[in-house]
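# Coordinate analysis (summary)
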Amino acid sequence: MSADFSGQVAVITGGAGGIGRALGAALKAAGAQVLLADLHGSDDVVACDVSDPAAVEALAELAWQRFGRVDLLVNNAGISGGGGRLWKADFAAARQVFEVNFWGVWHGCAAFAPRMAAQEHPSAIFNVASENALFCAVPRAAAYIASKHAVLGLTESLREDLPPHVHAGTIIPGWVLSGLTREGGREVAMPADRYAEIILPQIAARERFVVSHAYNVVQMAERTEALEAAFARSAPRYDGDIEYDVRAYIERLKAGG
Ligand code: NAD
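The notes below deal with the structure included here.

What counts and how
For every chain, the first residue of the written sequence is number 1, and numbering continues from 1 along that sequence. This being a predicted model, a pLDDT of at least 70 is required before a residue's local features are given, and a value of 80 or more before pairs of side-chain atoms are given or counted; all residues contribute to the totals for chains, interfaces and linings. No hydrogens and no water enter the side-chain calculation; it runs on all heavy atoms of the structure. Proximity is defined per residue: any heavy atom of the residue falling within 4 Å of a molecule or strand makes that residue near it. Distance and chemistry together define a polar contact, namely a pair of N or O atoms within 3.5 Å, with one atom able to donate a hydrogen and the other to accept it when in protein, and with adjacent residues in sequence counting only for side-chain atoms on both sides. Methods summary: accessible areas were calculated by the Shrake-Rupley approach with a probe of 1.4 Å, and residue burial reflects only the protein chains presented. Residues were grouped as follows: Ala, Val, Leu, Ile, Met, Phe, Trp, Tyr, Cys and Pro as nonpolar; Asp, Glu, Lys and Arg as charged; and all remaining residues, including Gly, as polar. Going along the chain from the N terminus, every DSSP run of H or I of four or more residues is numbered as a helix, and every run of E of two or more is numbered as a strand. Exposure is judged per residue with a 1.4 Å probe applied to protein chains only, and the accessible area is read against the type maximum: over 50% gives exposed, under 20% gives buried, and values in between give partly exposed. By the convention used here, residues are in contact when the closest approach between their heavy atoms is within 4.5 Å.

Attention now moves to the site of the ligand. Of all residues adjacent to the ligand, which total 27 residues, the nearest are I19, D38, Y144, V176 and S178. Between the ligand and D49 there is a distance of 2.9 Å, counted from a nitrogen atom to a side-chain nitrogen or oxygen. N76 places a main-chain nitrogen or oxygen 2.8 Å from an oxygen atom of the ligand. Contact with the protein chains hides 90% of the accessible area of the ligand, taken as 820 Å² for the molecule alone. Partitioned by chemical class, the residues of the shell around the ligand number 14 nonpolar, ten polar and three charged.

This is the structure we're talking about:
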């Protein structure tokens, strides 16, 4: 059965192009009311620079004023830049990547999460990372890759802060045809509307990880296997190894043990 978003309100940043626009169209077709935001406003798009926390706060205000509720926020706005060999990269461009890709997502979560928590009905925040959150898909893109790893970490951490009726998940696109992807990749980039079709049911199902490009598991395994091999070599498991586990320690404290 196709996903049904009737009666729901969705806000998408970076919604004027690529994935954001395609997802907005798919959500509308599935019955949602959709508020698109992007750097430059137009008839269908509200102007909002996600790197500016006050602008994102104003976007949240506007959404609740206009619709009285928000069921879904997709922090999608993102840029590339600051590429090249790490030590040769333009620092200002690399920092700008973080301003948008990481802080933009943080600002979205900070503005919308408390308002969603205050609503009684279930809602969700999805943050758009990348396959570059799982492995280095593209060479010489340290700022982009690090920013996307950071989005994954931020979202995983956010999950622990939210009440049970507010979900948070990470969207992990592989190569999708958009303004961000170069002409050269057209033959391997997935069309954005096809991509939106794949992720819509996962968003409806409130998945923790929204996935699409099957071969990602192969690339991802290379790192996992290297990590497991490092542990096997230098820090193998032993009876009682939980003694130095921080998470287990915190759980014990919480339980009063
Ligand atoms: P895109 O360039 O087509 O769309 C990104 C949108 O974000 C644009 O409309 C742009 O104007 C907007 N934007 C840029 N800076 C902004 C800002 N400061 N405030 C508000 N909006 C801003 O690219 P896309 O591929 O659709 O990218 C969407 C998301 O998907 C990004 O986070 C990107 O990193 C991620 N992603 C894309 C791919 C891919 O292959 N296309 C792969 C992995 C992840």
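Picking up where we left off.
Bringing the environment of L27 into the picture now. When you line up the elements, L27 lands in helix α1 (residues 18-29). By relative accessible area, L27 is classed as buried at 0%. Separated by 24 residues in the primary sequence, L27 and A3 place their C-alpha atoms 8.8 Å from one another. Once residues within four sequence positions are removed from consideration, L27 is found in contact with F5, A10, I12, A32, V34, L72 and L200.

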